[in-house]
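# Structural overview
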Amino acid sequence: MVATTLARRAMQRGALRGAAAAASSPSLRRLSSFDRDAPWLVQDPDGKDPALVQNFINGEFTLEGAVTGRGGIPLRDPSTNKLLSLVPANGQTKGKQVSALDRAGPAVAAAKAAYPEWSGTPVQTRQRLLLEYAQFLHRKEVREEIAYWITLEQGKTTADAMGDVWRGLEVVEAASRVGSEMLGDSLQNLASGLDTVSYRVPLGVCAGIAPFNFPAMIALWMYPLAIAAGNTYVLKPTEKAPSASLLLAKYLHDLGLPPGVVNVVNGSKDTVDGILTHPDIKAISFVGSNKAGEYIHDVGSKHGKRVQANLGAKNHATVLMEDADRASTIKAIVGAAFGAAGQRCMALSVVVLVGDLEESRGWVSEIVEQAKGLKVGNGFEEGVDVGPLISKDAAERAENIIQQSIDEGASCLLDGRGVKVEGYESGNFLGPTVINLSDQQYVDLEEPIDNPAYTEEIFAPVLTVLTVPTLDDAISISNANPYGNGTAIFTTSGGAARKYQYEIEAGQVGINVPIPVPLPFFSFTGNKASIRGDVNFYGKSGVHFFTQLKTVTSNWQYAKGGDLGGVTMPVLGKK
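This report concerns the structure included in the present document. (Residues numbered from 1 in each chain as written. Predicted model: local features only at pLDDT ≥ 70, side-chain atom pairs only at ≥ 80, totals over all residues. Heavy atoms only, no water.)

### Let's talk about the overall build of the chain
Condition: The secondary structure listing takes helices from DSSP runs of H or I that are at least 4 residues long and strands from runs of E that are at least 2 residues long, numbered from the N terminus. Working definition: with a 1.4 Å probe on protein chains only, accessible area under 20% of the residue-type maximum means buried, over 50% means exposed, and in between means partly exposed. Only heavy atoms matter for contacts: two residues are in contact if any of them lie within 4.5 Å across the pair.
Scanning the chain from N- to C-terminus turns up 16 helices and 26 strands. Each of the 575 residues in the chain was classed as buried or not, and the buried ones make up 56%. Of all intrachain contacts in the chain linking residues separated by at least 6 positions in sequence, the fraction that spans at least 24 positions is 74%.

Set out below in structure tokens:
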């Protein structure tokens, strides 16, 4: 039975934890019961060392496949750089070297063992479990608990973390109706008594490698649809923020998912390599940087796996200054550029203003003024708009790119470097930054734009501004960029919007929509250098990624003595 007593107890625990959190002010949520009820953490009995993050394998938290010493990858609170816990890393356990395959092996073995029974479970039963999972995740107190761990480990604001969970939940809802997307095809009487039917069948053990910027949403892009289609799964979450994935897996197991169907294994590159090379893994999903994604696609493909990889981006927003709704457009750009501290692959990191150069200065001035009003701080605090970057290295990289862009001639109209947050002086904070490459003249369309503020995916709250005379120029610039994740146009002209959506190359287009991430009825359709592989995440494409076609041709003759074939090539339907 799906609705198990264990699941009801899990719901009750979630309600109690949620009540404890609600009783605390947001700034005191660190003291809530959430961080005292984390079964994936192994505490040091002497209290001298930080907790160790466990894997979730075969329905339980375990250090199997992990290094059991107290060493590991430091997991830090990005708003304070306080050490929270350790993620098991490369090394030895019990005197034995832990190989890449050893790290992934126990989780893959559990998934492989669970596959025959799970793939044979009726699709409607699998759907019902995911529907119950979606209903459980709809509970506010449950989403608050997941959001707590996201904010603590990743740094984004509580409101943004709640949105992270919600957008993932929508994919779970879509996965709960997977049956209609798995329908095959059939054609009868290809010859007398001969019929052909094609089925969509699961692949086997699949795996996902998730990034730090959306600890819940991206994980929920991956395994719910995979298991709805009948596969079993191994998820490798980011070592920078693994708790949301571990909690999500535990919730699903408590609701009745059989052990081994979803497993979570921690680590870094060694764990990734174990996934990429393991012979029992059939398909791999990845979201992250171009460098990592290209490596994962290359190595995974060479080892015979299906690979879908969503990579980097440099998303352009085109603004037709003469007819765009000025106030709403500026608000949308500021939110899309600086929300989530710019750490999202669909952030608007470039705005292309179309029209008069002098008018563009007024637009840029208003963008700067609104950006100045954003509050930078700890994600748990009320009123904070921009949280910290994930690490000191990320903050230093962004600051270096800002300086390099200035050195190469850009005008920095708002400099977020050196921002101080009272009480969090050691945090990885960078305030909203606006860099103008067209302060004195239009962008030279005859030369490639090589300023690092434009060419680099900074992954920080940094907005680069260009100004061009015409819409054709804006389209030309956007299409020349190697990335193709998303783009947007702000205009009240239907003709301009139609021209833009038809001629622009990026795979996801917003018309007066700053971040056009499709709902899961559709698929996430970035293109060009923003993707490796040719099958997209979620939606119908996602179902196709996690299934393969099996075609059955049958010959049933009512009378005996029919022709079942001979030594020559069969030609059907010919008398």
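### What to know about the layout of surface pockets
Note the cut-off: Using only the protein atoms, space was sampled on a 1 Å grid; points where a 1.4 Å probe fits but cannot get out form cavities, open sets with protein on both sides within 12 Å along at least five of seven lines form pockets, and lining residues are those with an atom within 4 Å of a point. Grid points are joined across faces, edges and corners, and a volume is the space filled by probe spheres set on the points. When residues are grouped by polarity, Ala, Val, Leu, Ile, Met, Phe, Trp, Tyr, Cys and Pro land in nonpolar, Asp, Glu, Lys and Arg in charged, and all others, Gly among them, in polar.
Of the voids in this model, the largest pocket is the one considered here, and its volume is about 1200 Å³. Counting residues per element, the ones that place at least two in the lining of the largest pocket are α8 (269-277), β14 (281-287), α9 (290-302) and α12 (392-407). Counting residues per element, the lining of the largest pocket draws most heavily on α9, which supplies 5 residues. Class assignment of the residues belonging to the lining of the largest pocket gives a composition of 17 nonpolar, 11 polar and 9 charged.

### Some remarks on the environment of Asp298
Mapped onto the elements of the fold, Asp298 is located in helix α9. On a C-alpha basis, the gap between Asp298 and Gly533 in space is 9.9 Å, while along the polypeptide they are 235 residues apart.

### A word on the sheet that holds strand β2 (residues 51-53)
Here is the rule we go by: Paired strands, in this sense, are two strands between which DSSP finds at least two bridges.
Spatial ordering of the open sheet is given by β1-β2-β6-β5, a layout of 4 strands whose pairing is mixed. Of all strands in the sheet, those with a lone pairing partner are β1 (41-42) and β5 (73-76), marking the two edges. As judged from the 2 bridges shared by β2 and strand β6 (residues 83-87), these two strands associate in the parallel manner. Across the sheet, residue Leu52 finds its bridge partner in β6, namely Leu86.

### Focus on a nonpolar patch on the surface
Short version of the rule: Excluding any residue in a salt bridge, patches collect residues exceeding 30% relative accessible area, merging like charges within 9 Å and nonpolar Val, Leu, Ile, Met, Phe, Trp and Tyr side chains within 5 Å. Each accessible area is a Shrake-Rupley result for a 1.4 Å probe, and residues are judged covered by the shown protein chains and nothing else. Any Lys or Arg side-chain nitrogen located within 4 Å of an Asp or Glu carboxyl oxygen qualifies as a salt bridge.
A cluster of nonpolar side chains, Leu519, Phe521 and Phe522, forms an exposed patch at the surface whose accessible area comes to about 350 Å². Along the chain, Phe521 turns up in the loop between β23 (509-511) and β24 (527-528). Looking at Phe521, the relative accessible area reads 56%, which means it is exposed.

### Overview of the packing of aromatic side chains
Applied cut-off: Stacked, edge-to-face and tilted labels apply to pairs of Phe, Tyr and Trp rings (six-membered ring for Trp) whose centres lie within 6.5 Å, assigned for plane angles under 30 degrees, over 60, and everything in between, in that order.
Applying the stated criterion across every chain, the model contains 13 aromatic pairs. With 5.1 Å between their ring centres and 70° between their planes, Trp40 and Trp149 make a pair best called edge-to-face. One end of the pair, Trp40, is in the loop between α1 (5-23) and β1; the other, Trp149, is in helix α4 (residues 140-154), with 109 residues separating them in the sequence. Ring plane angle 80° and centroid distance 4.8 Å describe the contact between Phe136 and Tyr251, whose orientation is recorded as edge-to-face. With Phe136 in helix α3 (residues 123-137) and Tyr251 in helix α7 (residues 243-254), the pair connects residues that are 115 residues apart, well separated along the chain.

### Some points on helix α11 (residues 357-372)
In plain terms, the rule: Expected helix span is computed as 1.5 Å times (number of residues minus one). Here the arc refers to the directions that run from the helix axis out to each C-beta atom. A 3.5 Å cut-off defines polar contacts: any pair of N or O atoms within that distance qualifies, except that in protein one atom must be a possible hydrogen donor and the other a possible acceptor, and neighbouring residues in sequence count only when both atoms are side-chain atoms.
In this model α11 runs 23 Å from its N-terminal to its C-terminal C-alpha over 16 residues, within 8% of the 22 Å that 1.5 Å per residue would give. If you check which residues of α11 are buried, you get Leu357, Ser360, Trp363, Val364, Ile367, Val368 and Ala371. All buried residues of α11 fall inside an arc of 140° around its axis, so they share one side. On the buried face of α11, the contacting elements are β16 (315-320), α10 (326-338), β17 (348-354), β18 (411-414), β19 (433-436) and β20 (462-468). At the N-terminal end of α11, a side-chain oxygen is found 3.0 Å from the backbone nitrogen of Glu358, two or three residues along, and the residue is Asp356.

### Side note on the pairing of strand β9 (residues 185-191)
Across the 7 residues that make up β9, only a small minority, 0, are buried. The pairing of β9 with strand β10 (residues 194-202) spans 4 bridges and is antiparallel. Paired with Ala191 across the two strands is Leu194, which belongs to β10. Hairpin connection from β9 to β10: 2 residues lie between these consecutive antiparallel strands, with Gly193 at a positive phi of about 80°.

### A closer look at the pattern of salt bridges
Under the definition given, this model contains 18 salt bridges. Between Glu239 and Lys236 there is a salt bridge whose closest N-O contact spans 2.9 Å. Exposure remark for Glu239: the relative accessible area of 19% places this residue in the buried category. Across the pair Lys269 and Asp273 runs a salt bridge, and its minimum N-O distance is 2.7 Å. Pair noted here: Lys269 and Asp273 are both in helix α8, with a separation of 4 residues, about one helical turn.

### Remarks on the sheet that holds strand β26 (residues 547-555)
What counts is decided by this rule: Angular values range over 0 to 180 degrees, each being the angle between N-to-C directions of two axes fitted as lines to C-alpha atoms, with helices fitted over their stretch in contact.
Ordered in space as β9-β10-β26, the 3 strands form an open sheet in which the pairing is antiparallel. Strands at the two margins of the open sheet, each flanked by one partner only, are β9 and β26. The average undirected angle you get between the axes of adjacent strands in this sheet is 20°. Pairing of β10 with β26, which is carried by 9 bridges, proceeds in the antiparallel orientation. Across the sheet, the residue bridging to Ser198 is Thr551, located in β26.

### Brief notes about unusual backbone geometry
Even without a glycine there, the phi angle at Ala341 is positive, about 55°. If you trace the backbone, Ala341 turns up in the loop between α10 and β17.

### Side note on the nonpolar core
The condition that has to hold: By nonpolar core we mean a set of buried residues, namely Ala, Val, Leu, Ile, Met, Phe, Trp, Tyr and Cys, connected to one another through side-chain atoms within 4.5 Å.
Within the largest apolar cluster, 77 residues are counted, with the highest numbers of intra-cluster contacts made by Tyr133, Ile146, Trp221, Tyr223 and Tyr233. When near neighbours in sequence (up to four residues on either side) are disregarded, Tyr223 contacts Tyr133, Tyr233, Leu235, Leu248, Ala249, Leu252 and Val262. Membership of the second largest hydrophobic core comes to 43 residues, among which are Ala337, Val376, Leu389 and Leu430.

### Quick notes on the side chain of Ser530
Along the chain, Ser530 turns up in the loop between β24 and β25 (531-532). On the accessibility criterion, Ser530 (1% relative accessible area) is buried. Excluding residues within four positions of it along the chain, Ser530 makes contact with Ala309, Asn310, Leu311, Gly312, Ala313, Tyr483, Gly484 and Asn485.

### Observations regarding helix α5 (residues 158-175)
A rise of 1.5 Å per residue sets the reference length of α5, with its 18 residues, at 26 Å; its end C-alpha atoms lie 26 Å apart and thus fit the reference within 8%. Along α5, the positions that sit buried rather than exposed are Thr158, Ala161, Met162, Asp164, Val165, Gly168, Leu169, Glu170, Val171, Val172, Ala174 and Ala175. On its buried side, α5 packs onto α3, α4 and α6 (217-228).

### Considering the packing of α4 against α5
To be explicit about the condition: Should the near helix be turned anticlockwise from the far one by less than a right angle, the crossing is left-handed, and should it be turned clockwise, the crossing is right-handed.
Close contact between α4 and α5 brings their axes to 8 Å; oriented N to C, the two are set at 115°. The interaxial crossing formed by α4 with α5 has right-handed handedness. Mapping the contact onto sequence places Lys140, Arg143, Glu144, Ile146, Ala147, Ile150 and Thr151 in α4 and Thr158, Ala161, Met162, Asp164, Val165 and Trp166 in α5.

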